[in-house]
Amino acid sequence: MKRPDRFVAVARALLARLPGCRFVVCGGGELTGEVERAAQAAPGAFHLLGWRADVETVYAAADVVLLTSDNEGTPLTLIEAGMAGTPVVATQVGSVGEVVRHGVTGLLAATDAGELTAHAYRLLTDPALARRMGESARRWTTDSFAVERLVADTEALYRSLCAAPGRSPSPITRSIT
């Protein structure tokens, strides 16, 4: 589902156009070997970090975050990247469009390596655009996905459900004597 093969294809295409480009990969899984083999073919271009508890540091140091998935429920990675002020290039799948505002906080693409490559290249070669999108991403994700906001939204939902017509005000209780 995460499509590391697509990530590798984008990385190879970017390296052909931007030989100094570097790719940092956090996490792992059953397809880690595929990314490791790609890393061996391009010495120094890939940094495979494995699982990290401090991904926000990695996002903050990145110029662009690239997500190449076939599907995403709630793309927490993109929320974290936005909060770090880093623009993203991502496939427009699942709920990605609810997190990334195309052309404002990042760029969305079909599940096509060529389109993803073009978007990543655009941001990597236009630092002013990337900076503007990163700043917009920080504002958007902080306003929309901050813990305080999510807690307030959840509380409001519960209160509205408790006030719904036909609902008993309290659960049925039974006393034992």
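These figures come from a predicted structure and were not determined experimentally. (Residues numbered from 1 in each chain as written. Predicted model: local features only at pLDDT ≥ 70, side-chain atom pairs only at ≥ 80, totals over all residues. Heavy atoms only, no water.)

1. Brief notes about the packing of aromatic side chains
Under the convention used in this document: Each aromatic pair joins two rings of Phe, Tyr and Trp (for Trp, the six-membered one) with centres within 6.5 Å, and gets the label stacked for planes under 30 degrees apart, edge-to-face for over 60, and tilted for any other angle. For a Lys NZ or an Arg CZ to count as sitting over a ring, it must be within 6 Å of the ring centre and within 35 degrees of the ring normal.
By the definition in use, this model includes four aromatic pairs. The lysine or arginine in question, R17, covers the ring of Y121, its NZ or CZ lying 3.7 Å from the ring centre. One Lys or Arg, R101, reaches over the ring of W140 and ends 4.7 Å from the middle of that ring.

2. Section: empty space enclosed by the protein
As a reminder of what qualifies: Think of a 1 Å grid over just the protein atoms. A cavity is a set of points where a 1.4 Å probe fits yet cannot get out, a pocket is an open set with protein on both sides within 12 Å along at least five of seven lines, and lining residues have an atom within 4 Å of a point. Grid points are joined across faces, edges and corners, and a volume is the space filled by probe spheres set on the points. In DSSP terms, a helix is any run of H or I states spanning at least four residues, a strand is any run of E spanning at least two, and both are numbered starting from the N terminus. We call Asp, Glu, Lys and Arg charged. Ala, Val, Leu, Ile, Met, Phe, Trp, Tyr, Cys and Pro are nonpolar, and the rest, Gly among them, are polar.
In this structure the tally under the stated criterion is one cavity of 30 Å³ or more. If you add up the space inside the largest cavity, you get close to 40 Å³. Every residue lining the largest cavity is listed: L78, G82, T86, V88, V99, V100, T105, A137, W140 and T141. It is helix α7 (residues 127–145) that provides the largest number of residues to the lining of the largest cavity, a total of three residues. The residue makeup of the lining of the largest cavity, split by class, is six nonpolar, four polar and no charged.

3. Looking at the layout of surface pockets
To locate leftover empty space, one rolls a probe as large as a water molecule over the atoms. If you add up the space inside the largest pocket, you get close to 1,300 Å³. Contributing elements (two or more residues each) for the lining of the largest pocket: α1 (4–17), β1 (23–26), α2 (32–41), β2 (46–50), α3 (55–61), β3 (65–67), α4 (76–83) and α6 (113–125). Of the residues belonging to the lining of the largest pocket, the class tally is 25 nonpolar, eight polar and nine charged.

4. Things to note about unusual backbone geometry
In this structure, R3 takes a positive phi of about 55° despite not being glycine. With respect to the helices, strands and loops of the structure, R3 is situated in the segment before α1.

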